[in-house]
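Read off the chains here:
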Amino acid sequence: MSDAITGSTIEERKVSRTEAEELEFLRGTWGDGHYNEGIGRDDIFDKLREECGVFGVFGHPDAASLSYYGLHALQHRGEESAGICTVEDNGEFHYHRGMGLVKEVFTKDQLDNLVGSRAIGHVRYSTSGGSGLANAQPLIFKYRGGDLAVATNGNIVNAPAIRRELEAQGSIFQTTSDTEVIAHLIARSPKDFVEAAKDALQRIIGGFAFLIMTNDKLLVASDPNGLRPLVMGRLGEGYVFSSETCSFESIGAEYVRDVKPGELLILDDKGIREDRFEPMEKRASCVMEYIYFARPDSDINEVNIHSARKRMGRQLALESFVDADIVTGVPDSSISAAIGYAEQTGIPYELGLIKNKYTGRTFIQPSQELREKGVKMKLSAVRKVVEGKRVVMIDDSIVRGTTSLRIVNMLREAGATEVHVRISSPPFANPCYYGIDTPDRKELIASEKTTEEIRKAINADSLYFLSEEGLMKSVDPSGEKANAGLCMACFTNDYPTPVDEDSTKSCSC
């Protein structure tokens, strides 16, 4: 790869890339006008992109306000757009969507206009679905049965094929989002709404968590493998639904349970009914939720994320101890694993890297000199902590390798004498088709290079990835669940559903 460092001497390790290569890369990153962190494309840090987040309320008079706070707690799952749709008791729809963060999209007046005791909300990070207000969710439709609103987190793998089929039959699509596919399938069915929704859900393949609302009903559905997280809670007499339990804490709701794979919940004036649209397949929850995406204070399948990440760090220490002076984690998702590594080894944990939380979503392009050092606008090494020290740097994953390279060199520039990189996941070598925006396989450094080649490319003194067995043990210490109940296709290339690797990845988020 063009950004790789293959030298192994001390002098060679001090240089990251030629000045011309660095400038060319940063030009591509910053573009000609703005760098937008919210959209996330070509971020200075080549991390995996957050997916989307959904939040729903049924039977509470403050549905819009609860959705606002719930979506704010899910902001890490999508920073590009946000939206809320509410329904009054008389069935009238009210909705507002916009580009930007939740706090930017909604004002008090706008929330006051979203009246009703039922609501669904969404925060979005787009991948190939395209960036624009038309694709912001919830998507709202009018059809023969009335009004329909749809919000989802995930990806419909066979959406392109279904879309071509429907277009051939006369359907006209208003967005490039694959979420629209399910609305067309429901609208074209001669059956009643619930049966039509079941048929539509049976036709689609992928990982998804759906909230589908009409003038008098709310449907909640999780894919047959449970790839995307979806939880149910109670608040007073009402029900709430969310991509993560952390949003329940923000509104004072009580967690009830996870929505089961293949389950369909039907909420209307008769209460809540539990149904199924498909039998549960082998549970395969997205492993990256545990490693990276979910907030540390969330629980997925009743497993606390912070605790699971600490166990990953402990297991890393057992598998790959190295003598060092300090342990530091790359903020924010790697902090828990770094604490676990430090506790297991007895090596002190230190804040060797600090993230600037106030950089904002958009930077106006600075001067060329500052642009070349743009990475330091978001992350800084603490010189007085790392200078003269042997550092163990814990991170959650390596995607293209450019992030790790920059951070390792940043630590060296701050005076670290050695930098040993430990990754709390196995090598990420395969793309995701279930709602995570990942590069193509050829762009994933672990699909092209051995661990030793990656070590040289990121300029580290040593490199170790957590084993697959160690990861499963960390998520499921009891060992009772097959494969720990995880989808690990990004590491193993073993996908839980059929995928077409030659097709363009689409994403409903």
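Residues numbered from 1 in each chain as written. Predicted model: local features only at pLDDT ≥ 70, side-chain atom pairs only at ≥ 80, totals over all residues. Heavy atoms only, no water.

Brief notes about the overall build of the protein
The number of helices and strands found in the protein is 19 helices and 25 strands. Evaluated residue by residue, the protein yields a buried proportion of 59% over its 509 residues. Sequence-distant contacts in the protein: of pairs separated by 6 or more residues, those separated by 24 or more amount to 70%. (Helix = DSSP H or I, 4+ residues; strand = E, 2+ residues; numbered from the N terminus. Buried < 20%, exposed > 50% of the residue type's maximum accessible area, 1.4 Å probe, protein only. Contact = heavy atoms within 4.5 Å.)

With respect to helix H12 (residues 335-345)
Of the residues making up H12, those classed as buried are Ser 336, Ala 337, Ala 338, Gly 340, Tyr 341, Ala 342 and Thr 345. Packed against the buried residues of H12 are helix H11 (305-319), strand S18 (326-329), strand S22 (390-395) and strand S23 (418-423).

Section: the packing of aromatic side chains
Under the defined criterion, the tally for this structure stands at eight aromatic pairs. Centroid distance Tyr 292 to Phe 293: 5.1 Å. Interplanar angle 55 degrees. Geometry classified as tilted. Ring centres of Tyr 433 and Tyr 495 lie 5.4 Å apart, and the angle between their planes is 75 degrees; on these two criteria the pair is classed as edge-to-face. Of this pair, Tyr 433 sits in the loop between S23 and helix H16 (445-448) while Tyr 495 sits in the segment after helix H19 (489-492), and the two are 62 residues apart along the sequence. Comparing Tyr 433 with Tyr 495, the two get one shared label, buried. Grouping aromatic residues by their ring pairs yields a cluster made of Tyr 68, Tyr 69 and Phe 106. The ring of Tyr 239 has Arg 234 lying over it, and the distance from NZ or CZ to the ring centre is 4.1 Å. (Phe/Tyr/Trp six-rings, centres within 6.5 Å; stacked < 30°, edge-to-face > 60°. Lys NZ or Arg CZ within 6 Å of the ring centre and 35° of its normal.)

A few points about the sheet that holds strand S14 (residues 271-276)
Read from one edge of the open sheet, six strands run S6-S7-S8-S9-S13-S14, paired in antiparallel fashion. At either end of the open sheet lies a strand with only one pairing partner, and these are strand S6 (139-143) and S14. Taken pair by pair, the neighbouring strands of this sheet meet at an average axis angle of 20 degrees, ignoring direction. Pairing of strand S7 (residues 146-156) with strand S8 (residues 206-214) involves nine bridges; the strand directions are antiparallel. Residue Ala 149 lies in a different strand from S8, and its bridge partner there is Met 213. (Pairing = 2+ DSSP bridges. Axes fitted to C-alpha atoms, helices over the stretch in contact; angles between N-to-C directions.)

Notes on unusual backbone geometry
The omega torsion of the bond from Gln 137 to Pro 138 falls at 5 degrees, within 30 degrees of zero and hence cis. Looking at where Pro 138 falls in the secondary structure, it is placed in the loop between strand S5 (118-124) and S6. Of the consecutive residues Pro 331 and Asp 332, the connecting peptide bond is found in the cis state with omega at -5 degrees. Despite not being glycine, Glu 302 shows a phi value in the positive range, around 65 degrees. Considering the arrangement of structural elements, one finds Glu 302 in the loop between strand S16 (299-300) and strand S17 (303-304). Residue classification places Glu 302 among the exposed residues on the basis of a relative accessible area of 62%. In this structure, Ala 484 is a non-glycine residue whose phi angle is positive, near 60 degrees. Following the sequence through the fold, Ala 484 ends up in the loop between helix H18 (468-475) and strand S25 (486-487).

Topic: the sheet that holds strand S11 (residues 238-242)
Here seven strands make up an open sheet; going across it, the order is S4-S3-S5-S2-S11-S10-S12 and the pairing antiparallel. Lying at the two open borders of the sheet, with one neighbouring strand each, are strand S4 (93-99) and strand S12 (254-258). Adjacent strand axes in the sheet meet at a mean angle of 15 degrees, parallel and antiparallel pairs treated alike. In this sheet, S11 lies alongside strand S10 (residues 231-235) in antiparallel orientation, the contact comprising five bridges. By the bridge assignment for S11, Leu 235 is matched with Gly 238.

Describing the pairing of S8
With nine of nine residues buried, S8 is to be regarded as a mostly interior element. Because side chains alternate across S8, one face comprises the buried residues Gly 206, Phe 208, Phe 210, Ile 212 and Thr 214, and the other comprises Gly 207, Ala 209, Leu 211 and Met 213, equally buried. One ladder, built from five bridges, connects S8 with strand S9 (residues 218-222); its direction is antiparallel. Along S9, the bridge assignment pairs Leu 211 with Val 220.

Some words on the confidence of the model for the protein
Of all residues in the protein, 83% have pLDDT values of 70 or greater, and the mean over the chain is 86. For the stretch residues 1-44, pLDDT sits under 50, and the model shows 108 contacts to residues farther than four places along the chain or on other chains. For residues 361-366, every residue scores under 50 in pLDDT, and the model assigns this stretch 28 contacts once sequence neighbours within four places are set aside. (pLDDT = per-residue confidence, 0-100.)

Focus on the environment of Ile 339
Here Ile 339 is to be found in helix H12. The spatial distance from the C-alpha of Ile 339 to the C-alpha of Thr 328 is 8.2 Å, given a sequence separation of 11 residues. Setting aside chain neighbours within four positions, we find Ile 339 in contact with Lys 310 and Tyr 349.

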